[in-house]
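# Summary of structural features
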Amino acid sequence: MNYNKLADMLFPNVTNTPEFYEAKFVERKLPNNAEVTRMAPSPTGFIHLGNLYSALADERIAHKNGGVFYLRIEDTDEKRKVDGAVELIIDTLRYFDIEFDEGAGFDENEQTNAYGPYFQRQRVDIYHAYAKNLVAKGLAYPCFCTEEELDSVRKEQEEQKELTGYYGKYAVCRNLTIEEIEANLLAGKSYVLRLRSQGSPEKEITFVDAIKGEIKLPENIHDIVLLKRDGIPTYHFAHAIDDHLMRTTVVVRGGEWLASAPIHYELFHLLGFKMPKYAHTAHLMKIDEETGGKRKLSKRKDPELSLDYYKKDGYHPYCMKVYLMTLLNSNFEEWHEKFADKDINEFPFSIDKMNQSGALFDKDKLHNICKNELSKLSENEVYDFLYQWASDYEPENKDIWFADKEKMLRILRLYMGVGMKRRRKDLVYAKQIFELFSYFFDGSKTDEKDSFKLDMDEVHAILTKYLESYNHADDNSAWFNKLKEIADSLGYASDMKAYKASPENFKGNVSDVAEVIRIAVTGRANTPDLWTIVHIMGEAQMRERIETVL
Ligand code: GLU
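To keep things clear, this report deals only with the structure shown in the data block. (Residues numbered from 1 in each chain as written. Predicted model: local features only at pLDDT ≥ 70, side-chain atom pairs only at ≥ 80, totals over all residues. Heavy atoms only, no water.)

Let us now look at the pattern of salt bridges. In the structure shown here, the tally under the stated rule is 35 salt bridges. A salt bridge links K286 to D302, with the shortest nitrogen-to-oxygen separation between them at 3.1 Å. Of the two residues, K286 sits in strand β11 (residues 284-287) while D302 sits in the loop between β12 (294-296) and α10 (307-313), which places them 16 residues apart along the sequence. The same class applies to K286 as to D302, namely buried. Connected through shared salt-bridge partners, R38, R72, E74, R123, D242 and D243 make up one network. (Salt bridge = Lys/Arg side-chain N within 4 Å of Asp/Glu carboxyl O. Helix = DSSP H or I, 4+ residues; strand = E, 2+ residues; numbered from the N terminus. Buried < 20%, exposed > 50% of the residue type's maximum accessible area, 1.4 Å probe, protein only.)

Attention now goes to the packing of aromatic side chains. What the rule picks out here adds up to 33 aromatic pairs. Judged by centre distance (5.8 Å) and plane angle (20 degrees), the ring pair of W389 and F434 falls under stacked. In this pair, W389 sits in helix α14 (residues 379-393) while F434 sits in helix α17 (residues 430-437), placing the two residues 45 residues apart along the sequence. Exposure class is identical for W389 and F434. Each is buried. (Phe/Tyr/Trp six-rings, centres within 6.5 Å; stacked < 30°, edge-to-face > 60°.)

Let us now look at unusual backbone geometry. Between G116 and the following residue, P117, the backbone shows a cis peptide bond with an omega angle of 0 degrees. As for its placement among the helices and strands, P117 is situated in the loop between β3 (102-103) and α5 (124-136). Residues other than glycine seldom take positive phi values, yet K161 does so here, at roughly 55 degrees. With respect to the secondary-structure elements, K161 resides in the loop between α6 (147-159) and α7 (178-186).

So, on to the pairing of strand β1 (residues 36-39). Burial along β1 is two-sided: the residues V36 and R38 and T37 and M39 are all buried. Here 4 bridges tie β1 to strand β2 (residues 68-71), and the two strands are oriented parallel to one another. When the sheet's bridge partners are listed, T37 is paired in β2 with F69. Chirality of the crossover, the property in question, places the unit of β1, helix α3 (residues 49-63) and β2 among those that are right-handed. (Pairing = 2+ DSSP bridges. Right-handed = clockwise from strand over helix to strand, strands pointing away.)

Take the sheet that holds β2 next. Taking strand neighbours across the sheet as the criterion, the 3 strands line up as β1-β2-β3 in an open arrangement whose pairing is parallel. Two strands lie at the open edges of the sheet, namely β1 and β3, each paired on one side alone. Against the sheet, α3 contacts β1 and β2, and its axis sits at roughly 160 degrees relative to β1. (Contact = heavy atoms within 4.5 Å. Axes fitted to C-alpha atoms, helices over the stretch in contact; angles between N-to-C directions.)

What surrounds the ligand is the set R38, A40, S42, E74, Y235, R253 and W257. Contact distances for the ligand include 2.9 Å between a nitrogen atom and a backbone N or O atom of A40. Coverage of the ligand by the protein chains reaches 80% of its 290 Å² of free accessible surface. Split by residue class, the shell around the ligand holds 3 nonpolar, 1 polar and 3 charged. (Near = heavy atom within 4 Å. Polar contact = N/O pair within 3.5 Å; in protein donor to acceptor, adjacent residues only side chain to side chain. Areas by Shrake-Rupley, 256 points an atom, 1.4 Å probe, with all protein chains shown as cover. Nonpolar A, V, L, I, M, F, W, Y, C, P; charged D, E, K, R; others polar.)

Structure below.
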């Protein structure tokens, strides 16, 4: 068959050749050991923790040796495309402080975006140049089979317990003559472009996955689709061409792609491209609350899989990074403890220390990391972070919470224990943080109140005496001495030793008295130092709250 003629018949308008693109997208000039990595999400409107997990790995692999990390949008699947999804991807990665060097989201005209376009739908000409070349070499052909025909072959294969797919004797369009093809084209029949696979079922491919080690898989024998009926490439074809022309050196991608590696292996070889290194990541797992067993995080069952979840609740991006680093490299945690002051980017990230099977996601651990990391930030850093989060997610409350900057800083100081021997570690994520001290603010949405444990007559007596004796000028110990006096006068022990020796002689002790005041003032049975709270609040607000209870 005259394949050149076929190529011209199928792609009459394609004049660019692979050589043209090879010359246009030259090898990158990078230092030795520098890797080029990419994140290549599909704009489906859902961006999840697994994406951030591999994005962070990509970013570290590239940046630890002066390489390049770029963002490519794989928008070939029209059905799964969602409006606003690209912005969501870019905003979310920006929120989590994932730093790209080029790609989608950057100015197209800039020097930095020399390997674009980075949206696959804008690269159709490039794919067609390579497709035409494969046809001319007899390595690709049009297939006119209809969906119904393909379905019925699949059913037959299933009945015969044969491998399903388009290969061998089932690949009927493989042997069409040029006249038959021409007639089909003239009749206006739609077609897909298929690879003429050179694989053999008896042979295996072997390659080293950077995470999973040596992998042996049977060669690809399927005449897979390269271009769909509308001329848009499949993931397989676009992956080979893009990662080659964008000069990717390490492809970090979900483990679900490992089974397709033989297809990619064959495509890279037939296209004459050098293979990138592959790194197939482990799934994120969790302990199932019902069964106690490990299972994959699921979009349907686990809201915490979505990155939106962390943004909405206001997890500090740095804490997320630290946590994901502990999942990515098992030796990170020890390093981070040892070099607590070092930037985490100095950690010697190593791709072969990445989790091979499931990486276990543990929310309690994430929370502990948040508490720890937030306690290392300055008040101003925490203030700015909370301000930004409240502006985005609580715009109405924001004005109330941040009306008085000094007040907010004093609250943060109280909850972070700045200057204390051991810093408090109460703060986890923005939403929880505001719930923790929302009682300081009248008018912001109020939360559940703790109820008094003593009966209301006692509460009344304690609060009345408290207001009578209150002097805003008292220091912490003078203030506390007055609580002790109130305790004594109402039959509560002011001396804990005496109380412990014979509790039956007392109604309770001074901490019960303090608790009544605490609940009346803050609505909470547990708070940091009450004297400090009252002094941040001011006398008027304190009195008003107690009057309300009375
Ligand atoms: N678009 C593919 C996905 O979202 C990318 C896989 C890859 O990184 O190559 O799964």
